[in-house]
Amino acid sequence: MSPTSPRRPSAPLRRTPVQQRSAERLARILDACAELLDGGGYEQLSTRAVAVRAGVPIGSVYRFFGNKRAMVAALAHRNLDRYAERVSARFAGTAGLDAHRAIDGVLDEFLTMKRTVPGFALVDFGVPAAAPGEETTVEPADDPNLLVAERLCALFAVHLGRTADETLRRKVLVGVETADALVRLAFRVDPEGDRALIAETRELLHAYLAPSLEPPSVP
């Protein structure tokens with residue numbers, strides 16, 4: 001399989017909730033996980049602490065997750081789903097959407113989540129590196145930037161009329177990798193994101209990615 005071929009994330013849940021009550025309990029568990037990540041980081045996170053914060057029995061946590069790493073992976077998957085929803089809504093609500101406005105939407109929604117969503121600063125779309133001896137089941141197909149690039153390609157295809165072919169997937173993946181590194185740098189320099197570095201990131205994405213997002217010219 002090519003590095004830019006479509007991928008499906010592995011499921012971190014032991015069981016998928018069917019009833020609304022179960023889905024609400026899972027949401028509380030993930031919300032508590034995100035809040036505790038903000039408070040103490042990944043190393044201090046535990047399934048017991050999440051159960052206490054969520055107000056559920058510890059057995060409810062283990063009903064869904066085998067360990068804290070699977071729980072954080074589920075939080076990352078939820079973040080990606082919500083990010084894709086926000087970008088899609090942004091695209092749908094933008095009059096005269098073009099490549100440059102689309103790139104702005106992709107970057108701006110990411111920055112907004114980085115600044116406002118609990119736990120997102122530490123766990124956006126991927127799981128932190130495993131500690132020595134920590135059990136891990138993260139597969140290569142779970143590479144977060146590959147998953148983000150695939151979601152964005154699908155959104156570009158729908159909203160810009162651009163076929164999500166191998167070339168576009170490669171271009172978007174390079175853009176995602178580059179933006180990820182630069183945004184991380186911006187937030188290391190300034191907890192709110194260094195404005196000058198973010199401006200440079202935006203300029204780079206416009207110059208590199210916009211030509212590939214423009215619809216093909218009609219002869």
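For the structure, see preceding data.
For clarity, every value in this text was computed on a predicted model and none was experimentally measured.

1. Some thoughts on the packing of aromatic side chains
Thinking step 1. For the structure on display, the rule yields seven aromatic pairs.
Thinking step 2. Ring centres of Phe64 and Phe65 lie 6.2 Å apart, and the angle between their planes is 50 degrees; this geometry places the pair in the tilted category. For the pair Phe64 and Phe65, one class covers both residues: buried.
Thinking step 3. By way of ring pairs, the aromatic residues Tyr83, Phe110, Phe120 and Phe125 are connected into one cluster.

2. What to know about the layout of surface pockets
Thinking step 1. Considering only enclosed or pocket space, the largest pocket measures out at about 370 Å³ in volume.
Thinking step 2. As for the largest pocket, its lining consists of 25 residues, of which Phe110, Asn145, Val148, Val176 and Asp180 are closest to the centre.
Thinking step 3. Of all the secondary-structure elements, those providing two or more residues to the lining of the largest pocket are α5 (99-116), α6 (144-160), α7 (166-189) and α8 (195-213).
Thinking step 4. Looking at which element gives the most residues to the lining of the largest pocket, the answer is α7, with seven residues.
Thinking step 5. Partitioned by chemical class, the residues of the lining of the largest pocket number 19 nonpolar, three polar and three charged.

3. Looking at the nonpolar core
Thinking step 1. Within the largest apolar cluster, 37 residues are counted, with the highest numbers of intra-cluster contacts made by Tyr83, Phe91, Leu152, Phe156, Val172 and Leu213.
Thinking step 2. Only α4 (68-92), α5, α6, α7 and α8 provide two or more residues apiece to this core.
Thinking step 3. If you tally residues by element for this core, the top one is α6, at nine residues.
Thinking step 4. Setting aside residues no more than four positions away along its own chain, Phe156 makes contact with Phe91, Ala102, Val106, Gly161, Arg162, Val172 and Leu213.
Thinking step 5. Core analysis: the next-biggest nonpolar cluster, separate from the first, contains 24 residues, Cys33, Ala54, Ala74 and Leu75 among them.

4. Some remarks on the environment of Ala74
Thinking step 1. Inspection of the secondary structure puts Ala74 in helix α4.
Thinking step 2. Residue classification places Ala74 among the buried residues on the basis of a relative accessible area of 8%.
Thinking step 3. When the C-alpha positions of Ala74 and Leu30 are compared, they lie 7.7 Å apart, and in sequence the two are 44 residues distant.
Thinking step 4. Leave out the neighbours within four places in its chain, and Ala74 touches Pro12, Leu13, Leu30 and Phe65.

Reading the values: rules and limits
Residues numbered from 1 in each chain as written. Predicted model: local features only at pLDDT ≥ 70, side-chain atom pairs only at ≥ 80, totals over all residues. Heavy atoms only, no water. Phe/Tyr/Trp six-rings, centres within 6.5 Å; stacked < 30°, edge-to-face > 60°. Buried < 20%, exposed > 50% of the residue type's maximum accessible area, 1.4 Å probe, protein only. 1 Å grid on protein atoms, 1.4 Å probe; cavity = no way out; pocket = protein on both sides within 12 Å on 5 of 7 lines; lining within 4 Å. Points joined across faces, edges and corners; volume = space filled by probe spheres on them. Helix = DSSP H or I, 4+ residues; strand = E, 2+ residues; numbered from the N terminus. Nonpolar A, V, L, I, M, F, W, Y, C, P; charged D, E, K, R; others polar. Core = buried A, V, L, I, M, F, W, Y, C linked by side-chain atoms within 4.5 Å. Contact = heavy atoms within 4.5 Å.

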